[in-house]
Amino acid sequence: MASLLISLPAQAEETLSESEFAQCKQRLEERAINAGVSAPVARDVMARAEYLDRVIELDRRQPEFTTTFAEYLNRRVNADRIARGRELLREHRGLLNEVTEKTGVPAPYLVAFWGLETNYGSYFGKMQVPSSLATLACDPRRSEFFSQQLIAALRIIDEGAISADQMEGSWAGAMGHVQFMPTVFLRHAVDADGDGRRDLWNSLPDAMLSAGRFLESMGWDGEYRWGREVLLPNDFDYSLADGRRLPLDDWREMGVTDVWGHPVPDEPIDAAMVVPSGHEGPAFLVYNNFRVTMGWNRSEFYAIAVGHLADRVAGAGGLHTPPPEDQPALSRDQILQLQEALNQKGFSSGEPDGILGSNTRNAIRRYQSAQDMIADGFPSREVLESLAVKGISETDDESG
């Protein structure tokens, strides 16, 4: 989803009464009109916007178990999606090449974003976007963010891009082939087919050029790829896989090679090392375009999946080192246990929140170093058992 949504801790579910929602809609309607939305559109759309309990439920839902990298990647970069992506690359080669010429984003990447976001346009979401956004805007948890998205959606309707009835998308308001949030739509959507509308639902030219423009605006560099899978020497210092960016020459000097054993390219660029499954899984050197992809979706798993799918669509083979499929999928409670244990031992992971973020990984890395473990920042079974995190065996059994 092309957005800036951040995963936050779950909170107690609250619902609005009919009168409270009506009052909130009235305030939002007035705000939209003051922001330049025509009064007839604002009044008509807001009058028909409904409170959706399901949206609040989805917003509050936190997965009981985290997804392992193996599960994430295998679900999203599978044989069917690769084959369909190659077919669509051939079918729309002319259009995609035009987008590449205008934005610098190669065709396989455009196809990969399309595939990850809506499975090549096969599923846009079934929620009425104005109702979803009105529900979220009237909810206190992220009211201001979604108020801005709602006003942007009303502006999109007002400009004639799509009618309110046809504006369907995800529960959070992401829309069209490439799942733009409304504010992203307003800034980056374009009318590529010249029909006078920016239509990301029914016009593939509009959707593909809009995606390219968005990536271009974030700094996509058409001279380089997203990154590559690499092989690491036996004595590699995994503490370097902490997000730091070093010149490719530095990684070469450390003995990092491509998957065929050749030294990494001699190019004047910086790269970071990413080991999403820890030292037992694949390693990736990632370049600036990886960071651009994370501007679309703030997830390393997502960014790797986009890059790998693009490679596969372009004809490359699978990973040299597949991610282990037997790693534990941790529950939120287990991550909380892990964070609390790290904090108690003096390896600060910040305020425990049950989210395995960069602070927690850095704390794990420091703990591993102190325990003479491989400091890859990954919550391996060795780390979890050492810190007495409960329920690991049970979690493995449940996660398959």
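The structure contained in this document is the topic of the report that follows.

Criteria and thresholds
- Residues numbered from 1 in each chain as written.
- Predicted model: local features only at pLDDT ≥ 70, side-chain atom pairs only at ≥ 80, totals over all residues.
- Heavy atoms only, no water.
- Helix = DSSP H or I, 4+ residues; strand = E, 2+ residues; numbered from the N terminus.
- Rg over C-alpha atoms; globule rule 2.2 N^0.38 Å.
- Buried < 20%, exposed > 50% of the residue type's maximum accessible area, 1.4 Å probe, protein only.
- Contact = heavy atoms within 4.5 Å.
- Areas by Shrake-Rupley, 256 points an atom, 1.4 Å probe, with all protein chains shown as cover.
- Lys, Arg positive; Asp, Glu negative; His and termini not counted.
- Charge placed at Lys NZ, Arg CZ, Asp CG, Glu CD.
- Expected span 1.5 Å × (residues − 1).
- Arc of directions from axis to C-beta.
- Pairing = 2+ DSSP bridges.

1. A closer look at the overall build of the protein chain
Scanning the protein chain from N- to C-terminus turns up 18 helices and seven strands. Taken against the 2.2 N^0.38 rule, which gives 21 Å for 400 residues, the C-alpha radius of gyration of the protein chain at 23 Å falls within 12% of a compact globule. C-alpha atoms of the protein chain, sized along the principal axes, occupy 65 × 50 × 35 Å. Across the 400 residues that make up the protein chain, the buried fraction comes to 52%. Here the contacts in the protein chain between residues at least 6 apart in sequence split such that 68% fall between residues at least 24 apart. Here the protein chain has roughly 18000 Å² of accessible surface; of this, 45% comes from carbon and sulfur atoms. Between the averaged position of the 39 positive side-chain charges in the protein chain and that of its 61 negative side-chain charges there is a distance of 3 Å.

2. A few points about helix α5 (residues 79-91)
With 13 residues, α5 extends 18 Å between its outermost C-alpha atoms, agreeing within 8% with the 18 Å of an ideal straight helix rising 1.5 Å per residue. All of the buried residues in α5 are R81, I82, G85, L88 and L89. Along the long axis of α5, the arc covered by the buried residues comes to 130°, so they all point the same way. Exposed and oriented more than 90 degrees from the buried face of α5 are A79, D80, R90 and E91. The inward-facing, buried residues of α5 contact α4 (69-76), α6 (93-103), α7 (107-118) and α14 (300-313).

3. Examining the sheet that holds strand β3 (residues 227-231)
Pairing is antiparallel in the open sheet, where five strands are placed in the order β4-β6-β7-β3-β5. Each of the sheet's edge strands pairs with one partner strand only, and the pair in question is β4 (245-247) and β5 (257-258). Judged from the three bridges that link them, β4 and strand β6 (residues 270-274) form a sheet pairing that is antiparallel. Counterpart to L246 in the pairing with β6 is A271.

4. Here's the deal with helix α1 (residues 18-34)
Here α1 contains 17 residues, and its C-alpha end-to-end distance of 25 Å stays within 8% of the 24 Å for a straight helix at 1.5 Å per residue. Along α1, the residues classified as buried are F21, C24, K25, L28, E29 and A32. Viewed along the axis of α1, the buried residues span an arc of 145°, placing them on a single side of the element. Set apart from the buried face of α1 by more than 90 degrees, the exposed residues are R27 and N34. Each element contacted by the buried residues of α1 is listed here: α2 (39-48), α8 (129-137) and α9 (143-158).

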